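# Structure at a glance
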Amino acid sequence: MSDLGPVDPGHRADVEWLHRWRLHAEGDPHTTASSTLIPVRTIDGIPAVLKVAHVDEEERGAELLEQLDGRGAARVLQRDGQAVLLERATGTRDLVQMVVDGDDDGATRIICEAAARVHRDPVELPTLADSGVPLLVPLEEWFRELFAHADDFDPLHRQGADYADRLLSSQHDVRALHGDLHHGNVLDFGERGWLVIDPKGLVGEATFDYCNLLCNPSHARALQPGRLERQFGVVVAETGILPSRLRDWLVAWCALSSTWFAIADDPVHAESVTRIGVTAADLRL
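Notes on the structure follow. (Residues numbered from 1 in each chain as written. Predicted model: local features only at pLDDT ≥ 70, side-chain atom pairs only at ≥ 80, totals over all residues. Heavy atoms only, no water.)

## Topic: the pairing of strand E4 (residues 47-53)
Just so we agree on the cut-off: In this scheme, a residue with accessible area under 20% of its type's maximum is buried, one over 50% is exposed, and one in between is partly exposed, where area comes from a 1.4 Å probe on protein chains only. Helix and strand assignments follow DSSP, with helices taken as H or I runs no shorter than four residues and strands as E runs no shorter than two, numbered in order from the N terminus. Only when DSSP finds a minimum of two bridges between them are two strands counted as paired.
Within E4, six of the seven residues are buried, which leaves the element mostly enclosed by the surrounding structure. Alignment of strand E3 (residues 35-41) against E4, held across seven bridges, turns out to be antiparallel. The residue of E4 that forms the bridge with Arg41 is Pro47. Bridge count between E4 and strand E6 (residues 83-87): five bridges; the pairing is antiparallel. If you follow Val49 over to E6, its bridge partner there is Leu86.

Structure follows, in structure tokens:
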């Protein structure tokens, strides 16, 4: 049984899943534009999270988690359409706090290890039965807004679009990608170790997945003098990725991220991630 007290009508459909799967809510629903999250416990006492997707992107991510079957990722306990029941991270360690405490290198290594587990084997996902559309979004599609706006903003956007065009036409080591790897999406699952949550469900060159962590846990941290160069070196050492390839993907990613912020009328973050991209373009390899 659920125990949420009075239920906001906006959450009523989400709460129905609590009854269907016999879950006990252990906190209030948290709703974003993309999903509703409710910490729960199963009838067997297992801590979990009920996630109800509001957008296709979240459903795609749940599909990828189900296919990964716990390999480097949170396990899917139940899934039905837009709703998914995930194992809950109950460990006490936190990668953002690890950075604050001075172990930036260690946090980067953990994210790299988590990514490698996700990338280890090719993941074959089915297509949507009614349309034949693959459930993983290709990087070519992911970069579409950068290509559409390459000449609308800072010169970095044109540079990033040119890099992306070249990289996308010469991809190798193509894998299922998390698509949003950063310090808040790799959590401590206790005995199961560090696992990823909230994938975007992309497909493309594995190198792409290591770019966003270099812009995190905040743009301010990423822009500290010498920080990008050092963490870039940690990623290269951990992964064996060709430095020039990682640099070019990072420039392309920063241009794309900045474009999204600009479109969303967030000039502060658009400018800061552009600065990260400019710094990346100037890295001495």
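## Regarding the packing of helix H10 (residues 243-263) against helix H11 (residues 267-281)
The condition that has to hold: Lines are fitted to the C-alpha atoms to define the axes, a helix being fitted only along its stretch in contact, and any angle between axes, read from their N-to-C directions, falls within 0 to 180 degrees. In these notes the angle categories are as follows: under 35 degrees is roughly parallel, over 145 is roughly antiparallel, 65 to 115 is roughly perpendicular, and the rest is oblique. Crossing handedness is read from the near helix: turned anticlockwise from the far helix by less than a right angle, it gives a left-handed crossing, and turned clockwise, a right-handed one. Throughout, a contact is declared for two residues whenever any of their heavy atoms are within 4.5 Å. We call Asp, Glu, Lys and Arg charged. Ala, Val, Leu, Ile, Met, Phe, Trp, Tyr, Cys and Pro are nonpolar, and the rest, Gly among them, are polar.
Between H10 and H11, the least distance of the axes is 8 Å, while the angle of their chain directions is 165 degrees. When the interaxial angle is binned, H10 and H11 end up roughly antiparallel. At the point where H10 passes H11, the crossing takes the left-handed sense. Residues Arg247, Leu250, Val251, Cys254, Ser257, Ser258, Phe261 and Ala262 of H10 lie in contact with H11, whose contacting residues are His269, Ala270, Val273, Thr274, Ile276, Gly277, Ala280 and Ala281. Looking at the contact of H10 with H11, its residues break down into 10 nonpolar, five polar and one charged.

## Describing the pattern of salt bridges
Put simply, the rule is: The salt bridge criterion pairs a side-chain nitrogen of Lys or Arg with a carboxyl oxygen of Asp or Glu, the two atoms within 4 Å.
Inspection of every chain in the model, using the stated rule, returns 21 salt bridges. With a shortest N-O distance of 3.0 Å, Arg79 and Glu66 are connected by a salt bridge. Taken together, the residues Arg79 in strand E5 (residues 76-80) and Glu66 in helix H2 (residues 56-68) connect sequence positions 13 residues apart. The exposure class assigned to Glu66 is partly exposed, which follows from its relative accessible area of 35%. Taken together, the shared-partner salt bridges in this structure form one network comprising Glu26, Arg41 and Arg88.

## Some remarks on the nonpolar core
Selection criterion: In this description, a nonpolar core means a group of buried Ala, Val, Leu, Ile, Met, Phe, Trp, Tyr and Cys residues linked to one another through side-chain atoms lying within 4.5 Å.
Within the largest apolar cluster, 62 residues are counted, with the highest numbers of intra-cluster contacts made by Phe143, Val186, Phe208 and Leu250. For this core, the leading source of residues is H10, giving nine residues. In this view, Val186 contacts Leu95, Ile110, Ile111, Ala114, Leu181, Trp194, Leu195 and Val196; residues no more than four positions away in its chain are not counted. Listed in part, the 13 residues of the second largest apolar core include Trp17, Ala25, Val40 and Leu85.

## Some remarks on the environment of Val96
Within the secondary structure, Val96 sits in helix H3 (residues 95-100). Distance from Val96 to His183, taken between C-alpha atoms, is 5.8 Å for residues 87 residues apart in sequence.

## Brief notes about unusual backbone geometry
In most cases, non-glycine residues show a negative phi, while peptide bonds are predominantly trans. Omega for the bond connecting Asn216 with Pro217 falls within 30 degrees of zero, at 10 degrees, which places this linkage in the cis form. Position of Pro217 among the secondary structure elements: in the loop between strand E11 (202-205) and helix H8 (219-222). Positive phi is not limited to glycine here, since Asp69 has a value of about 55 degrees. Positioned with a positive phi, Asp173 is a non-glycine residue whose angle comes to about 50 degrees. Here Asp173 lies in the loop between helix H7 (155-168) and strand E8 (174-177). Of the residues examined, Asp173 reaches a relative accessible area of 43% and is grouped as partly exposed.

## Focus: H7
The line we're drawing: Here, expected helix span is obtained from the residue count minus one, scaled by 1.5 Å. Each direction from the helix axis to a C-beta atom contributes to the arc, which is the arc of those directions. As used in this structure description, the phrase polar contact means that two N or O atoms lie within 3.5 Å; if the pair is within protein, one of them must be able to donate a hydrogen and the other to accept it, and residues adjacent in sequence are counted only when both atoms belong to side chains.
With 14 residues, H7 extends 20 Å between its outermost C-alpha atoms, agreeing within 8% with the 20 Å of an ideal straight helix rising 1.5 Å per residue. Along H7, the residues that are buried comprise Leu156, His157, Gly160, Ala161, Tyr163, Ala164, Leu167 and Leu168. Along the axis of H7, the buried positions cluster into a sector of 165 degrees, meaning they face one direction only. Check the buried side of H7 and you find it contacts helix H5 (139-142), helix H6 (144-148), E11, H10 and H11. Structurally, the start of H7 carries an N-cap: the backbone nitrogen of Leu156 is 2.9 Å from a side-chain oxygen of Asp154.

## Here's the deal with empty space enclosed by the protein
Inclusion rule: Residues are called lining when one of their atoms sits within 4 Å of a cavity or pocket point, these points coming from a 1 Å grid over the protein atoms alone, where a cavity is a set in which a 1.4 Å probe fits but cannot get out and a pocket is an open set with protein on both sides within 12 Å along at least five of seven lines. Grid points are joined across faces, edges and corners, and a volume is the space filled by probe spheres set on the points.
Counted under the stated rule, the structure contains one cavity of 30 Å³ or more. Computed from the structure, the largest cavity encloses a volume of approximately 110 Å³. If you go around the largest cavity, you meet 15 residues; those closest to its centre are Lys51, Glu58, Gly61, Ala62 and Val84. Of all the elements in the fold, those that place two or more residues in the lining of the largest cavity are E4, H2 and E6. In terms of residue count, the dominant contributor to the lining of the largest cavity is H2 (five residues). Residue classes in the lining of the largest cavity are distributed as seven nonpolar, three polar and five charged.

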